[in-house]
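Structural overview
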Amino acid sequence: MAKKVTGFIKLQIAGGKANPSPPIGPALGQRGVNIMEFCKAFNARTQKDMGVVLPTIITVYSDRTFTFVTKTPPATYLIKDKLKLQSGSKKPGHEVAGSVSEKVVSEVAKAKEPDLTAASHEAAKRTVEGSVRSMGLKLDYK
């Protein structure tokens, strides 16, 4: 018989850098999960993605055990990484912080495809283009 799920916890954690300080410790502590056990398991599984922000969904069961799934990094993180930006525009829509080529958008869409609900690569690119605009960046090809 399957274990009863008591809840889900969604966090964004840097790969290989989970520790019991906030926000991880309090989120897991209020569900009764062993915080250090999670930190060790997460750090071991994400060692290859050291420092990369990974959205993580933790499933907590009634016997206080857990499982977790890591997703691909956020599109904004991937865009900033590809363009070597510190941040996007402070006033998106009013100030332009830089420009993005179609090649970069396509690469980010390809990396994000496992986690997107887009039906095609073109739809995934349009989703990433929305993130580009919300960061206050300009699309070179439109």
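Please read all numbers here as calculations on a predicted model, not as lab measurements.

1. Considerations on the nonpolar core
For soluble globular proteins, nonpolar side chains are generally found buried alongside one another. With 15 residues, the main nonpolar core has Ile-9, Leu-11, Ile-13, Ile-24, Leu-28, Phe-38 and Ile-58 as its most contacted residues. Only strand S1 (5-14), helix H1 (24-29), helix H2 (35-45), strand S2 (53-61) and strand S3 (66-70) provide two or more residues apiece to this core. Not counting chain neighbours up to four residues away, the residues in contact with Leu-11 comprise Pro-23, Ile-24, Ala-27, Leu-54, Pro-55, Thr-56 and Ile-58. Ranked by size, the runner-up nonpolar core spans 14 residues in total, among them Leu-78, Ile-79, Val-128 and Leu-137.

2. Focus: the UniProt feature "domain: Large ribosomal subunit protein uL11 C-terminal" (unreviewed entry) in the protein chain
The positions that UniProt labels "domain: Large ribosomal subunit protein uL11 C-terminal" (unreviewed entry) are, in the present scheme, residues 71-138. End C-alpha atoms of residues 71-138 are separated by 27 Å, and the span's content is 50% helix alongside 7% strand.

3. Remarks on the pairing of S2
On a regular strand, one side chain projects to one face of the sheet and the next to the other, so that they alternate. Most of S2 sits out of view: seven of its nine residues are buried. Bridge count between S1 and S2: nine bridges; the pairing is antiparallel. In the strand pairing of S2, Ala-14 is matched with Val-53. In this structure, S2 lies alongside S3, joined through five bridges in antiparallel fashion. Residue Ile-57 lies in a different strand from S3, and its bridge partner there is Val-69.

4. Brief notes about the packing of helix H3 (residues 75-83) against helix H5 (residues 121-134)
At a closest axis distance of 10 Å, the pairing of H3 and H5 adopts a crossing angle of 70°. The pairing of H3 with H5 is recorded here as roughly perpendicular in orientation. Contacts from Ala-75, Thr-76 and Ile-79 of H3 reach H5 at Val-128, Ser-131 and Val-132. Residues that form the contact of H3 with H5 fall into these classes: four nonpolar, two polar and no charged.

5. Here we look at the pattern of salt bridges
On inspection of all chains with the given rule, the structure shows five salt bridges. Two residues, Asp-49 and Lys-48, come together in a salt bridge whose shortest N-O distance is 3.5 Å. Residues Glu-102 and Lys-125 are paired through a salt bridge, measuring 2.7 Å at the closest nitrogen-oxygen approach. In this pair, Glu-102 is assigned in helix H4 (residues 102-112) and Lys-125 in helix H5, connecting sequence segments 23 residues apart. Classification of Glu-102 as partly exposed rests on a relative accessible area of 37%. Each member of the salt-bridge network shares a partner with another, and the members are Lys-82, Lys-103 and Glu-107.

Criteria and thresholds
- Residues numbered from 1 in each chain as written.
- Predicted model: local features only at pLDDT ≥ 70, side-chain atom pairs only at ≥ 80, totals over all residues.
- Heavy atoms only, no water.
- Core = buried A, V, L, I, M, F, W, Y, C linked by side-chain atoms within 4.5 Å.
- Buried < 20%, exposed > 50% of the residue type's maximum accessible area, 1.4 Å probe, protein only.
- Helix = DSSP H or I, 4+ residues; strand = E, 2+ residues; numbered from the N terminus.
- Contact = heavy atoms within 4.5 Å.
- UniProt positions renumbered as here; feature names shortened; annotations may be inferred.
- Pairing = 2+ DSSP bridges.
- Axes fitted to C-alpha atoms, helices over the stretch in contact; angles between N-to-C directions.
- Parallel < 35°, antiparallel > 145°, perpendicular 65-115°, else oblique.
- Nonpolar A, V, L, I, M, F, W, Y, C, P; charged D, E, K, R; others polar.
- Salt bridge = Lys/Arg side-chain N within 4 Å of Asp/Glu carboxyl O.

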